[in-house]
Protein chains: 6
Amino acid sequence: MKILAFGEVMMRLNPNGFKKMTQTDSMDFSFTGTGLNILAGLAQNGYDTTMLTALPDNNLGKTAAANIRKLNVSDRKISYSGNHLGIYILELGYGGRPSEVTYLDRAHSAFNEWEVSEADLEQALENVDLIHICGIALSTSAISRKNALTLAKKASEKGIEICFDFNFRASLNNEEGMTSLLAAYHEILPLVTIVFGSLRDLQELLKIPGETEEDVVQTFMLNYGIRIFSGTYRHQEGNQKQLQGFVYQGNKKVVSDKITYEVWDRIGTGDAFVAGILTGLIEKWAFEKTVKYGVYNAVLAHTTVGDSPVLSKEFVLNYMEKQVDVIR
Amino acid sequence: MKILAFGEVMMRLNPNGFKKMTQTDSMDFSFTGTGLNILAGLAQNGYDTTMLTALPDNNLGKTAAANIRKLNVSDRKISYSGNHLGIYILELGYGGRPSEVTYLDRAHSAFNEWEVSEADLEQALENVDLIHICGIALSTSAISRKNALTLAKKASEKGIEICFDFNFRASLNNEEGMTSLLAAYHEILPLVTIVFGSLRDLQELLKIPGETEEDVVQTFMLNYGIRIFSGTYRHQEGNQKQLQGFVYQGNKKVVSDKITYEVWDRIGTGDAFVAGILTGLIEKWAFEKTVKYGVYNAVLAHTTVGDSPVLSKEFVLNYMEKQVDVIR
Amino acid sequence: MKILAFGEVMMRLNPNGFKKMTQTDSMDFSFTGTGLNILAGLAQNGYDTTMLTALPDNNLGKTAAANIRKLNVSDRKISYSGNHLGIYILELGYGGRPSEVTYLDRAHSAFNEWEVSEADLEQALENVDLIHICGIALSTSAISRKNALTLAKKASEKGIEICFDFNFRASLNNEEGMTSLLAAYHEILPLVTIVFGSLRDLQELLKIPGETEEDVVQTFMLNYGIRIFSGTYRHQEGNQKQLQGFVYQGNKKVVSDKITYEVWDRIGTGDAFVAGILTGLIEKWAFEKTVKYGVYNAVLAHTTVGDSPVLSKEFVLNYMEKQVDVIR
Amino acid sequence: MKILAFGEVMMRLNPNGFKKMTQTDSMDFSFTGTGLNILAGLAQNGYDTTMLTALPDNNLGKTAAANIRKLNVSDRKISYSGNHLGIYILELGYGGRPSEVTYLDRAHSAFNEWEVSEADLEQALENVDLIHICGIALSTSAISRKNALTLAKKASEKGIEICFDFNFRASLNNEEGMTSLLAAYHEILPLVTIVFGSLRDLQELLKIPGETEEDVVQTFMLNYGIRIFSGTYRHQEGNQKQLQGFVYQGNKKVVSDKITYEVWDRIGTGDAFVAGILTGLIEKWAFEKTVKYGVYNAVLAHTTVGDSPVLSKEFVLNYMEKQVDVIR
Amino acid sequence: MKILAFGEVMMRLNPNGFKKMTQTDSMDFSFTGTGLNILAGLAQNGYDTTMLTALPDNNLGKTAAANIRKLNVSDRKISYSGNHLGIYILELGYGGRPSEVTYLDRAHSAFNEWEVSEADLEQALENVDLIHICGIALSTSAISRKNALTLAKKASEKGIEICFDFNFRASLNNEEGMTSLLAAYHEILPLVTIVFGSLRDLQELLKIPGETEEDVVQTFMLNYGIRIFSGTYRHQEGNQKQLQGFVYQGNKKVVSDKITYEVWDRIGTGDAFVAGILTGLIEKWAFEKTVKYGVYNAVLAHTTVGDSPVLSKEFVLNYMEKQVDVIR
Amino acid sequence: MKILAFGEVMMRLNPNGFKKMTQTDSMDFSFTGTGLNILAGLAQNGYDTTMLTALPDNNLGKTAAANIRKLNVSDRKISYSGNHLGIYILELGYGGRPSEVTYLDRAHSAFNEWEVSEADLEQALENVDLIHICGIALSTSAISRKNALTLAKKASEKGIEICFDFNFRASLNNEEGMTSLLAAYHEILPLVTIVFGSLRDLQELLKIPGETEEDVVQTFMLNYGIRIFSGTYRHQEGNQKQLQGFVYQGNKKVVSDKITYEVWDRIGTGDAFVAGILTGLIEKWAFEKTVKYGVYNAVLAHTTVGDSPVLSKEFVLNYMEKQVDVIR
């Protein structure tokens, strides 16, 4: 099973030990991005994964590629140009204190200024079984939007299954941007068959009508020919937080139990859910098992460092069965 | 709004990662003290703050001053003399395990041996709107007590509002010390109008009679002409800890909800409460909002590293409104 | 009171901050082993403790010895030979995520290849009041098994009280190993008077019959002449974990309350329980106090770093009395 | 003496221990820029320094300001806008191995997109005795060039002495950029009186003719009305590196001895030289002493961490007198 | 150009900052081995490299593989078995103080107990242009010796060029071992065409007669049909250390200049020389350039952290041309 | 051979990586003192060493004791009282930049306020063969001076050889202090037989007359009945630093070669010389070997971290023979 992901790779910088940036003189760094995180999660499970992106043509770009390889994701399709990589600084919250994300300039990153030819995109699709296209790429620049749409068309033409993730961030889009973004949604959605998102995405962005979640989702899936629509609900009672996953397939909806979670590092847990669901689809598990696996993968990702999933399928399946203190 | 604080600045040394001192060969350091912590909290909110203290005349004193500036507190009024700074070592507890504080010699610090002239103290009060005097300074040396009392008199003469904090530490006072301390309380309290403390301070130290907390506090406030008396209650049920704030003004008492808190770094949370209440007073918020803000400021301070508050007014107000996982 | 422990000392390597090994380029190290951990716990309480083991004859062996001395355990009886020390890598879990232990080669460690003479073992027992023999030594090599049994015989001959700990690890024993191990159990148990273990050890390993735990334990104690049999129960409801201790003496069973615990570093907490019970026995406390102390010692050990107990008797007794946030 | 500097502030990220970025997962960070480094050096010596720049309006901007204050440079004139700060990554070289600097996007930093009004610039000049304008600001954007030139005109009108630093970086300028840059040089040089640079700047950029360095410099100084022209020569014999400073005043040239230097952190040493020369000018020392001080300040800056000078005038003067191993 | 290396991969553990193991509680770790280091050096230069080895079938093995990928060396041919990896602890020396290497058990590593089939070895040679076989594999176990010899035969049969490295370590071989090792040398040398070693290897191990180095080497090369014999000389005068490389081809000997070097991390510099020479051979450079490149690659490797070369061909060639302080 | 040392133990705090205190938020800590350093050096060589000192009766005192044991020095004779330990902060210099030592309050340390009975001092001398008394104890307080002199008398009465170290620090003594110090010198010197110091100590402090060093030393040794007088000369030519040792015995003077040294951590190197000379005296080596060993021990101590020697006799002797890069 060969999976390709198209999306931006950023550098994450974070102070350690829940310090604020003003309280330290060093930060940990790692490389992240929805596509990369999902591939890293899939690579843990033995699938062949490849990142399609652009990195700066300097030592930072080389370092990003080295770390991508370390995650067991192939860097063979990465292009190198420009001098800039998107960076975000993460001041992790503890307990009830929210984490704070500070984005530096992202518009001028190698990825967002990457003038790639159609031929090169087409070539990247060779032997690919599944491609993930991150919705953020539709917002960050006109170039990245064009690249994402071209790629979706090429993949669709070749019969490669496309997975799409809304990942909508209000702060990345002004009013003008919203118009382009919606146009892009309307262009890409008919080409894709697996979609990750929330009711809010369907109602507030796409203005899909409907009384209940089920109505809205069914309408959405019919309109665009979507095979799978999946996402999570987050619940909170007092200090206790719970995660629940759902998967729609045709007119069937499967919902997991609410699983209590504890948080060490909050970022990337949604990507872990996606990686979990895709694992279930690849393995052709029952939807009940798939959504359970997705939720547990996400729940465990709250307890690990960094945005990319780092626990294997074997580990997560064991944990679903039985929760122990120590594995020897 | 220009606020001055008079008090000792100490160096805090602490092992990382909840280790005991015997388990490591390095410690983090920072600079702390009730006055400094309160000013740091107020400086976050945009007020003009200045520390009035003495530091050793060596590289450690310079380092302390640099870190004070970093907290956005002015070091212009700091005096340099002697070679010693009070130090405390903090072995942070995790979960139910209590934190352990080890004080090294404090009696011979620059602050506690600071022979400052009345003229210099008077000069420090220029353009000051509010002064905070830490009650610990009444215990740590005869010199610091004299300085604190002189300063209170000068400030009172100039019509500057004085805020006083009992901060009573039994371990800092022997019997003889208690006599001097009580005399000092009787001397300073008539000069001050805002007081932070607890029922225990009024009953056990000042021997104020009364059936109920309300009686005792009212008597105390009337006796000494106190405008505001404020403090916190800590509650614990099972492993769940809760904080609650109160403010007395005249014969009105406002009490906040009990807010559950989680602990990463316990020290300095009382100072965060004080900074929160003073912020409300400066902003002339309703007392209900003020005490709520004070409690939330303190609750969040349990989740941040170090003794000084590091979260802005905007952050805390948002948190009071709505608790999210990530701020992007 | 002079206590000797016989057992393997290993190096523990662990990434910090709950990272996986793949996410970092440095690890903390410390030295550990059931015997060493128990002695470290006893040394906190002022008893004279000595480790009887073999370390490699190189800089790593010297470093282990230095760290053993730092724990206040005497290294005078340590022998140096070979070039290898058992190592385990600990990837600590957070929240519900289990910790992962990766053992490297242990069969060829200095301890497991230590050809020590009977005379040297006998000499090590001089002036010893109590000896702890770790059950793991009966599994790790034929040599270590022989050494453990010889030592037990010598100690028994000299009338030194022997404490034995099953510490059974299925992963260390294949079928053939199980036969030798059981033979060794049958040889050592008649010599020992204090045993730490669980119902599972008695039923599944020794096949002791009985309807109830009490029946099984009584039969076991009678069969082998055991004076004290002690261990813990772990309970979990939702995310809340609780620990409970028990001690059998003659036909009396004392059980502690269930104490809720929070986990920072899970490993070594069983050894902390043992150290606590032995402390109570040495101090001749009532069994109720002894088992309570054992449980609290273990509960607190979950909140401290490393496998060896680091909190003094005074600290734990205070904590049993009253739980405070900060000790100044 | 009040000194203002106008220039960009960047974040420096560097791996520790001479590692390459690929060999670690954490980097130290600090804030730097020619103007800031020079002010930091002057602030060590007791002068009143203020940074005139723009920082991003987010947590990174606040962190930069906090660190600027820690260097004892005032942040009162800093403007906040945009979301980006220039970043450079420094992989420090050891021994003969050169350090590698990787610049990320700088064109879209808050400073380079800072639309500041003439009135605000004028207001920033109040009570200023000396202003430093960094030549890099003439290259990095049309906006920063305009701001620099406006500021120079305003300062000149007010009779404030202007110090200018070529700091030419070929890699920052393409051919078109060179034309604008030269025009800017011709506009700013008549307004300034103190210039730091090299023969290469005068010959290759300004095309000043002359047989010898002395000829070229004299022509340059006469043409533009320059009072002081100063810079350094670097010499290398085998592995031994030496630094030498020069100052031209009118037709007098003073040259220091060649001082051998050892390198721990190479960056910022030129700025330390400038800070040293300006100190001598402010103190009105003899030029011999001034240039000696400048060179020693730079030589010592090679042995300290970070781009900003951290050694006081007293320290450097003592070192010029007598070189000891330890100062107690 | 596809290069395969066969050899053991070990974990290196080292305290930081030139501390001894007794002075710290943490160590850096990385993965190393002659073959891996050489491949890492070649991978920097754009060649396709693959490691042929065995790693333990646990989290440590996975971590090693992740780090191998990070070095841009393929892990596709790695086999997983057993639970042990060879480890060495490096206490780095500073200045004249020698580095100390402590080897833990290596005999029972996955590599040294790897029972690999001939078919698997043969399969690993597919499409390979050049194979490096590390001489250490002839000493560490009978199994590894057999594997190395089998592989050499298969490669020779397929016409793949074989590069061999004596890498003789007296401490790894007792008298009996020496006999087997010499037999293995006699078996493998006729199959290989590129050899790295020293005069000492030829004289003391192989007992090749001859008056001069040239005589001995010529005899050796003729006897075994060696195309290239290469190595280094280390010179020291006072505290100044110099490295010089040589390459024999047929009866031509090319010797580089003596290049002064400074040391930050001494280990792996010989492997950097080999990687440099192989680069020259692959690029078909003149031998003068090749040996110069090899020496500079090694000289620079003394200034970088870790055993594997981390500097690109472009970096080293620039350095050979011109030595600068900073590359921007 | 059992050696006792009497002297103050301090905590050393130092920033890492040659940073100034203002550039970091963490410091390494260790425990030091002339006596402790010398014992640590001797303990490396297998002698039985014991520290006679007072530490604070709190967690810092316990930590100091644990680290003393780690150095293989016995803590059995340590007394616990008070709350303070002397602290010095070390900002390490690099290259020519001097290290900076900042002493915090030392006068009120447990050691300097230690009211120990004569009986306890006498008891500490049991079975002691050699005692080292640090001259600093004669300056730091009247109590420590009294203790040192009492101890010297007791030791002398018991026929225990006494080693004395001037260790004069001008900054620790005002004029009045100098009078007491000289009186103490006159009292202690007749009791001691081994003295470490310099010509400056004899001439400037004791005012011993003489034309040449030899004259002065001979007069000194005759006057006070000194058996051994030893010390070092430091030479510098350009950037090259050299150390040379001397030993006077009777009228024989032995001088070592000048040995070039490189510096990583300068402090404690004089104590390493003393430990080296005492080793030679204990081993009854020829004076030529003894002084050579002392110098090499000190030269190597410049390359190791911390104040206490960490290299064994075997290591140093090998180094004296042959200087290699790596010991495997």
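Bear in mind the structure is a predicted one, so any value in this text is a computation, not a measurement.

S.K.: Go over the overall build of chain A with me, naming the residues and quoting the values.
M.R.: Assigned secondary structure in chain A consists of 11 helices and 16 strands. A globule of 328 residues ought to have a C-alpha radius of gyration of about 20 Å, and chain A, at 19 Å, matches this closely. For chain A, the spread of C-alpha atoms along the three principal axes comes to 55 × 50 × 40 Å. Counting over 328 residues, chain A shows a buried share of 55%.

S.K.: An account of the pairing of strand 1 (residues 2-6) of chain E is requested, with residue identities and associated values reported.
M.R.: Residues and elements named next belong to chain E. Most of strand 1 is tucked away, with four of its five residues classed as buried. Pairing of strand 1 with strand 4 (residues 48-52) involves five bridges; the strand directions are parallel. Its bridge partner being in strand 4, F6 is matched across the sheet by L52.

S.K.: How would you explain the relation of the copies chain D and chain A if you had to name every residue and give the values?
M.R.: With an RMSD of 0.0 Å, the fit of chain D onto chain A corresponds to turning through 180° and sliding 0.0 Å along the axis. Such a turn and shift between the copies fits a two-fold axis. For chain D, the minimum C-alpha distance to the rotation axis belongs to M27(D) and amounts to 2.8 Å. Both copies contact each other with a shared surface, as 100% of the interface residues of chain D are interface residues in chain A too.

S.K.: How would you explain the packing of helix 10 (residues 287-301) of chain A against helix 11 (residues 313-321) of chain A if you had to name every residue and give the values?
M.R.: Residue and element names in this part refer to chain A. Across the interface, helix 10 lies against helix 11 with an axial gap of 10 Å and an inter-helix angle of 100°. Taken together, the axes of helix 10 and helix 11 lie roughly perpendicular to each other. Each of K292, Y293, Y296, N297 and L300 in helix 10 lies in contact with helix 11, whose residues at this interface are V316, Y319 and M320. Residues that form the contact of helix 10 with helix 11 fall into these classes: six nonpolar, one polar and one charged.

S.K.: Quick rundown of the sheet that holds strand 8 (residues 99-103) of chain C? Include the residues and the values.
M.R.: Read from one edge to the other, the open sheet built from 10 strands follows the order 16(A)-8(C)-7(C)-2(C)-3(C)-3(E)-2(E)-7(E)-8(E)-16(F), with strand pairing classed as mixed. Of all the strands in the sheet, just strand 16 (326-327) of chain A together with strand 16 (326-327) of chain F have a single pairing partner and so form its edges. Alignment of strand 7 (residues 87-91) of chain C against strand 8 of chain C, held across four bridges, turns out to be antiparallel. Counterpart to I89(C) in the pairing with strand 8 of chain C is T102(C). Sheet strands in contact with helix 2 (residues 59-70) of chain E are strand 7 and strand 8 of chain C together with strand 3 (26-32) of chain E, and its direction is about 65° off that of strand 3 of chain E.

S.K.: Give a detailed account of the sheet that holds strand 3 (residues 26-32) of chain F, specifying residues and quantitative values.
M.R.: Taken in spatial order, the 10 strands of this open sheet run 16(C)-8(B)-7(B)-2(B)-3(B)-3(F)-2(F)-7(F)-8(F)-16(D), and their pairing is mixed. In this open sheet, the two edge strands, each paired with only one partner strand, are strand 16 (326-327) of chain C together with strand 16 (326-327) of chain D. Inspection of the sheet shows strand 2 (residues 10-14) of chain F paired to strand 7 (residues 87-91) of chain F by three bridges, in the parallel sense. Along strand 7 of chain F, the bridge assignment pairs L13(F) with I89(F). In the packing of helix 2 (residues 59-70) of chain B onto the sheet, contacts are made with strand 3 (26-32) of chain B together with strand 7 and strand 8 (99-103) of chain F, and the angle to strand 3 of chain B comes to roughly 65°.

S.K.: Report on the relation of the copies chain E and chain D, specifying residues and quantitative values.
M.R.: Each copy superposes on the other: chain E lies on chain D with an RMSD of 0.0 Å after a rotation of 120° and an axial shift of 0.0 Å. In the structure described here, the two chain copies are related by an operation that fits a three-fold rotation axis. Across chain E, the rotation axis passes nearest the C-alpha of G17(E), at a separation of 4.4 Å.

S.K.: Summarise the interface of chain D and chain A; cite the residues concerned and give the values.
M.R.: Contacts between the two partners involve 25 residues from chain D, matched on the other side by 25 residues from chain A. Every element with two or more residues in the side of chain D that touches chain A is listed here: strand 3 (26-32), helix 2 (59-70), strand 7 (87-91) and strand 8 (99-103) of chain D. Taken together, the residues that form the side of chain D that touches chain A break down as nine nonpolar, 10 polar and six charged. With three bridges connecting them, strand 3 (residues 26-32) of chain A and strand 3 of chain D associate as antiparallel partners. Its bridge partner lying in strand 3 of chain D, D28(A) is registered against S26(D).

Definitions and limits used
- Think of each chain on its own: its residues are numbered from 1, step by step along the sequence as written.
- All chains are assigned letters beginning with A, and all ligands numbers beginning with 1, in the order in which they are written.
- Residues qualify for local features only when their pLDDT is at least 70, as the model is predicted, and side-chain atom pairs are given and counted only at 80 or more; totals for whole chains, interfaces and linings, by contrast, use all residues.
- Only DSSP runs of H or I reaching four residues or more are called helices, and only runs of E reaching two or more are called strands; each is numbered from the N terminus.
- Radius of gyration means the value over C-alpha atoms here, while the globule rule gives 2.2 Å times the residue count to the 0.38 power.
- Any residue whose C-beta has 12 or fewer other C-beta atoms within 10 Å is treated as exposed, any with 20 or more as buried, and any in between as partly exposed, C-beta atoms being built from the backbone.
- Here, a strand pair is defined by DSSP locating no fewer than two bridges between the strands.
- We place the copies in one frame by least squares, fitting the C-alpha atoms of every residue whose pLDDT is at least 70 in both.
- Working definition of a contact: two residues with C-beta atoms, positioned from the backbone, lying within 7 Å.
- Here, axes are lines fitted to C-alpha atoms. For helices the fit covers the stretch in contact, and angles between N-to-C directions go from 0 to 180 degrees.
- Angular relationships are summarised with four words: roughly parallel below 35 degrees, roughly antiparallel beyond 145, roughly perpendicular across 65 to 115, and oblique for the angles in between.
- Just so you know the grouping, Ala, Val, Leu, Ile, Met, Phe, Trp, Tyr, Cys and Pro go in nonpolar, Asp, Glu, Lys and Arg go in charged, and all remaining residues, Gly too, go in polar.

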